[in-house]
Amino acid sequence: MIYLSVCSRSENRPKELDKLTQYVIDWPEDKMWIDLRIAYDAPSIYEGHKENLKDAKPKDICILLHDDVEILSTPEELLTLVHKCRYSNTGFIGVAGASNLRQDAVWWNARNHQEARGFVFQGAENTDMVPNYFGKSGQVVVMDGCLMACTKENLDLIKLEKPDYLSSGWDFYDIGLTMKAHMMGLANYVAPILIRHASPGLMREGWYSAQKEFIKEYRQYLPCKLPMDKTNGLPD
C-alpha cells in the first residue's frame, strides 16, 4: 500500500491537488494500491501527516508531499523508486538534498561545492517550468520536503512529531526528519523521481527562525558530510 500524504489549506486550494487526484485515479489497477490523504488546515505539518497516515501499516510506503507538487514520473517509475525505502537500513527516498550539510544548514548551498543531489522542475505550469539541477542520484544527509517517501515503520521510529527545539510546526521539518534518520544510522537517498514544484521557493520569516534553532541543536555535528565518491547510485 502507498499513501500520498498532503497537508493543505481549505482556502486557495492549489490546482496541483486536482492533478494529484487525477494521478491516483489513473493509477493502474495491477499495481500496488495507492491512497491519497489530504489534511486541510492542520495545526502543524506533523499533525496533518500523522492524521493522514493513522491507518498505515508498518510496511506501507508513505509519501509526504507538498500540496503544490505535480508528479511527472509514471506510476511504474514512481513505484520502482519509492519501493527502495523498504530496503534494509534505508530511511527516506526523495527528489533533492545534500550529501554535505554545512554550518548554515541550507541544503541547496551544497550545490556550490558539487555536494548536492537531485533534479526538480519548477514553475506554475508545465508550459513554463524550468529544470533545477542539483546533482546526480545518490545518498544524502538531508533532503527537501517537496517529496519524501518512507515506510510507516521507519516513520514511527523517527517519530513524526515536532521536536522541542523547533518553534515552528511548518518550517525545517524536512531537514529535521531526514537529519534524525541519518543520525539514527538510516541511509537517505535522492532518486530520479520527476516532479514539478509550483513554488519558487521563497523563505518566510518562520523559516529563518527555524534555521537558527536547528543550527543550535545540531551545531556539534555540522558540517555533516558523506563521501560523495562512495555514495553514488541507489540501494539494490
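By convention here, each chain's residues receive numbers from 1 onward along its written sequence. Per-residue local features are limited, in this predicted model, to residues with pLDDT of at least 70; the limit for side-chain atom pairs, both in listing and counting, is 80 or more; totals at the level of whole chains, interfaces and linings are taken over all residues. Only hydrogens and water are set aside; all other atoms, that is, all heavy atoms of the structure, feed into the side-chain values.

Draft legend 1. Layout of the overall build of the chain. Counting from the N terminus, the helices are the DSSP runs of H or I reaching at least four residues and the strands are the DSSP runs of E reaching at least two. Along the backbone of the chain there are 6 helices and 15 strands. Expressed as lengths along the three principal axes of its C-alpha atoms, the size of the chain is roughly 45 × 40 × 40 Å. Residues counted as buried form 54% of the 236 residues belonging to the chain. For this analysis, residues touch if any pair of their heavy atoms sits within 4.5 Å. Put simply, 79% of the contacts in the chain that link residues at least 6 apart link residues at least 24 apart. Areas reported as accessible are Shrake-Rupley estimates using a 1.4 Å probe. Residue values count occlusion only from the protein chains shown. In the structure as shown, the chain presents an accessible area of about 11100 Å², 50% of it carried by carbon and sulfur atoms. None of His or the chain ends enter the tally, which takes Lys and Arg as positive and Asp and Glu as negative. Just so you know, the charge point we use is NZ for Lys, CZ for Arg, CG for Asp and CD for Glu. Here the chain contributes 27 positive and 33 negative side-chain charges, whose respective centroids are spaced 6 Å apart. Throughout, exposure labels follow a simple rule: accessible area from a 1.4 Å probe, protein chains only, divided by the maximum for the residue type, with under 20% read as buried, over 50% as exposed, and the rest as partly exposed.

Draft legend 2. Fine view of the sheet that holds strand β2 (residues 34-40). Two strands make a pair as long as DSSP finds a minimum of two bridges between them. Taken in spatial order, the 7 strands make up an open sheet running β2-β1-β3-β12-β5-β13-β10, and their pairing is mixed. Each edge of the sheet is formed by a strand with only one pairing partner; in this case those strands are β2 and β10 (138-140). Recorded for the sheet is a direction-independent mean angle of 25 degrees between the axes of neighbouring strands. Geometry is summarised by axes, namely lines fitted to C-alpha atoms with helices restricted to the contacting stretch, and by angles between N-to-C directions that run from 0 to 180 degrees. Together, β1 (2-8), β2 and β3 (61-65) form the strand contacts of helix α1 (residues 16-25), whose direction differs from that of β2 by roughly 155 degrees. Contacts from helix α3 (residues 75-82) reach β1, β3, β5 (90-94) and β12 (147-151), with the element oriented near 110 degrees to β3.

Draft legend 3. How the structure looks around the packing of aromatic side chains. Stacked, tilted and edge-to-face are the three classes applied to pairs of Phe, Tyr and Trp rings, where Trp contributes its six-membered ring and a pair requires centres within 6.5 Å; stacked means planes under 30 degrees apart, edge-to-face means over 60, and tilted covers the rest. Counted by the stated rule, this structure contains 12 aromatic pairs. Ring plane angle 90 degrees and centroid distance 6.0 Å describe the contact between Tyr 165 and Tyr 218, whose orientation is recorded as edge-to-face. Here the residue Tyr 165 occupies a position in the loop between α4 (152-158) and α5 (173-183), and Tyr 218 occupies one in helix α6 (residues 205-218), the gap between them amounting to 53 residues. Taken together, the aromatic side chains of Trp 107, Trp 108, Phe 134, Tyr 165, Phe 172, Trp 207, Tyr 208, Phe 214, Tyr 218 and Tyr 221 make up a single cluster linked through ring pairs.

Draft legend 4. Local environment of the pattern of salt bridges. Any carboxyl oxygen of Asp or Glu that lies within 4 Å of a side-chain nitrogen of Lys or Arg is treated as forming a salt bridge with it. Applying the stated criterion across every chain, the model contains 13 salt bridges. For Asp 18, the salt bridge is made with Arg 13, and the minimal N-O distance between the two is 2.7 Å. Take Arg 13: its relative accessible area is 34%, and that puts it in the partly exposed class. A network of salt bridges, in which partner residues are shared, links Lys 15, Glu 16, Glu 70, Glu 125 and Arg 196.

Draft legend 5. Expanded view of the environment of Lys 225. Structurally, Lys 225 is set in strand β15 (residues 224-225). Among the residues examined, Lys 225 registers a relative accessible area of 54% and is labelled exposed. With 125 residues separating them in the primary sequence, Lys 225 and Asn 100 have C-alpha atoms 4.1 Å apart. Not counting residues up to four positions away in its chain, the partners in contact with Lys 225 are Ser 99, Asn 100 and Glu 115. Identification of polar contacts relies on pairs of N or O atoms within 3.5 Å, with a donor-acceptor requirement for protein atoms, meaning one able to donate a hydrogen and the other able to accept it, and with residues adjacent in sequence counted only if both atoms are side-chain atoms. A polar contact of 3.3 Å, which involves the side chain of Lys 225, links it to the side chain of Glu 115.

Draft legend 6. Structural context of a negative patch on the surface. Within this analysis, patches are made of residues with over 30% relative accessible area and no salt bridge. Like charges are joined at 9 Å or less; nonpolar side chains (Val, Leu, Ile, Met, Phe, Trp, Tyr) at 5 Å or less. A cluster of acidic residues, Glu 29, Asp 30, Glu 76 and Glu 77, forms a negative patch at the surface. Take Glu 76: it is sitting in helix α3. Residue classification places Glu 76 among the partly exposed positions, given a relative accessible area of 36%.

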